[in-house]
Amino acid sequence: MNSLQRIEELEKKLRFYEIILNSIHHGVMITDQAGKVIFFSKTYSNFLGLSPEEVLGRHCTETIENTRMHIVGQTRVPEINHSQRINGLDMVVQRIPIEMEDGQLFVFGQVMFKDVRDVHTLAKRLNVLETKVELYEKELTSLRSSKYTFDNIAGDSRIIQEIKNQALKAAATNAPVLLIGESGTGKELFAHAIHYASSRRIHPFIRINCSAIPRELMEAELFGYEPGAFTGAGNKGKPGKFELAQGGSIFLDEIAELPLDVQPKLLRVLEEKELERLGGTRLTRLDFRLIAATNKDLLQLVEQGRFRKDLYYRLNVIPLYIPPIRERKEDIAIIAKHLIEKFNREQATRLVEILPEAMDILKTYSWPGNVRELSNVLERILYTIDGDMITPWHLPTFLQNTWEEAAGFKETQLKSLNLSREKDAILRCLNLAKNNKVEAARLLGIHRTGLYRKMKKLDIPLTQEV
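Residues numbered from 1 in each chain as written. Predicted model: local features only at pLDDT ≥ 70, side-chain atom pairs only at ≥ 80, totals over all residues. Heavy atoms only, no water.

J.: Now, about the packing of helix α6 (residues 158-171) against helix α7 (residues 187-197): what can you tell me, with residues and values included?
T.: Two elements in contact, α6 and α7, have axes separated by 8 Å at closest approach and are oriented at 45°. When the interaxial angle is binned, α6 and α7 end up oblique. In terms of crossing hand, the pair formed by α6 and α7 is right-handed. Between α6, through Ile-160, Ile-163, Lys-164, Ala-167, Leu-168 and Ala-171, and α7, the contact on the second element is made entirely by Phe-190, Ile-194 and Ala-197. Grouping the constituent residues of the contact of α6 with α7 by class yields eight nonpolar, no polar and one charged. (Axes fitted to C-alpha atoms, helices over the stretch in contact; angles between N-to-C directions. Helix = DSSP H or I, 4+ residues; strand = E, 2+ residues; numbered from the N terminus. Parallel < 35°, antiparallel > 145°, perpendicular 65-115°, else oblique. Left-handed = near helix turned anticlockwise from the far one by under 90°. Contact = heavy atoms within 4.5 Å. Nonpolar A, V, L, I, M, F, W, Y, C, P; charged D, E, K, R; others polar.)

As structure tokens, this is what we get:
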């Protein structure tokens, strides 16, 4: 390159840097070490009403009020985000000393904000954004985390307290937990509670129902896949449930339904704590805690060749049997009260209590559907009841019939018993309503005229009118 070309190249670079400096929004000034102005941007000139020509070569103090450019040149100490009053405005500026290779020193000055109030506005906006991010993070954590604790598991019976204590001890370990019990006993509730009571509670709780996922998609759902791993995979990969559970817990519900050909890979992931996505070649290290649940006899499935023996023993490290409510009938009243309080919160209703006569019927039934069936019955009553107290008449017919059949009475005895129960319920509601017939009828979920008819039939005195 000859001298002319070099000069042209340098001039080109100089124009480039001048354009950049002149484009800086709030203005730039550059001085030498003594404070003499050697550059004054057009944006700064327009703001102050000065032309660059009349500023260049003058001392900075003759041009800008309250400037400290010359002081920074002497001290070589940068001043970042300092306040400077110019033309009646408190501005935010920065002054940076720049030392060249030959030892010369220059000071770069820039107006960051023309008004210090802009900083406060920006700070407020930033604070709002930070608050929103924090809120969204908490919401995301809440959505991904467990919903229930051991306090949500209702019951005071010895058997349920023992199971809760065992589950609490299991939560303190990282060993796999196998929850065994009939459908509707609350196995998922225990899974949530174990995760929440563990040191992993701030991390995700990932649930997957093995019976709800098509067989051909099971492996991809559990272990993820890379782009193009199979037809329909698309050009983007997807993490599996085990990757999503990183640092937290993964709950495999209805583990007995896991396809036999997927079980060896699950066993390897449990033992090695690493996986390889479908269509991938890279191993991913995992950190998770496994909780599995089943309503079937896994050992019987092992004997039938429908479940791998090695996987069974790997899952069955801490087995917890969740009893059906027919084995802890003393908890039915507590569970029913817990469910009613839950419905009251969710549906904005005001059911108060279940009369003892109705509770006797609930305690007599065997509840093959367990807590789920009890919840269904109470919720159905919630949508049909007129009062705020559940009486025997509000219960489904099959429950009343079951109780009567279990009692083993003859027809005449049943009729007498039903009248006695009906009379007790009416007297109880009259007492609760302080003999107010309108209120008592509302508690019973019947009309006032219907209450009078029943009182007359049952020889209940109409003591006083309200």
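Back to the text.
J.: Go over the nonpolar core with me, naming the residues and quoting the values.
T.: Among the nonpolar cores identified, the biggest contains 32 residues, and Leu-222, Phe-242, Leu-252, Ile-255, Leu-258, Leu-266 and Phe-307 are the most heavily contacted of them. When contributions to this core are tallied by element, the ones reaching two or more residues are β7 (205-209), α8 (218-223), β8 (249-253), α10 (263-272), β11 (289-294), α11 (298-303) and α12 (309-315). Broken down by element, this core gets its largest block of residues, four residues, from α10. The contact partners of Leu-252, leaving out residues within four places of it in the chain, are Ile-208, Cys-210, Leu-222, Phe-242, Leu-266, Leu-290, Ile-291, Ala-292 and Ala-293. The next biggest cluster of nonpolar side chains, apart from the first, holds 25 residues, and it includes Ala-336, Leu-351, Ile-354 and Leu-362. (Core = buried A, V, L, I, M, F, W, Y, C linked by side-chain atoms within 4.5 Å. Buried < 20%, exposed > 50% of the residue type's maximum accessible area, 1.4 Å probe, protein only.)

J.: Could you give an account of the environment of Asp-32, naming the residues involved and the relevant values?
T.: By secondary structure assignment, the location of Asp-32 is in strand β1 (residues 28-32). Between the C-alpha atom of Asp-32 and that of His-59, which follows or precedes it by 27 residues, the distance is 9.5 Å. Sequence-distant contacts of Asp-32, that is, excluding residues within four places in its chain, are made with Ile-38, Leu-105, Phe-106 and Val-107. A polar atom in the side chain of Asp-32 sits 2.9 Å from the backbone nitrogen of Gly-35. (Polar contact = N/O pair within 3.5 Å; in protein donor to acceptor, adjacent residues only side chain to side chain.)

Distances and angles like these do not, on their own, reveal function.
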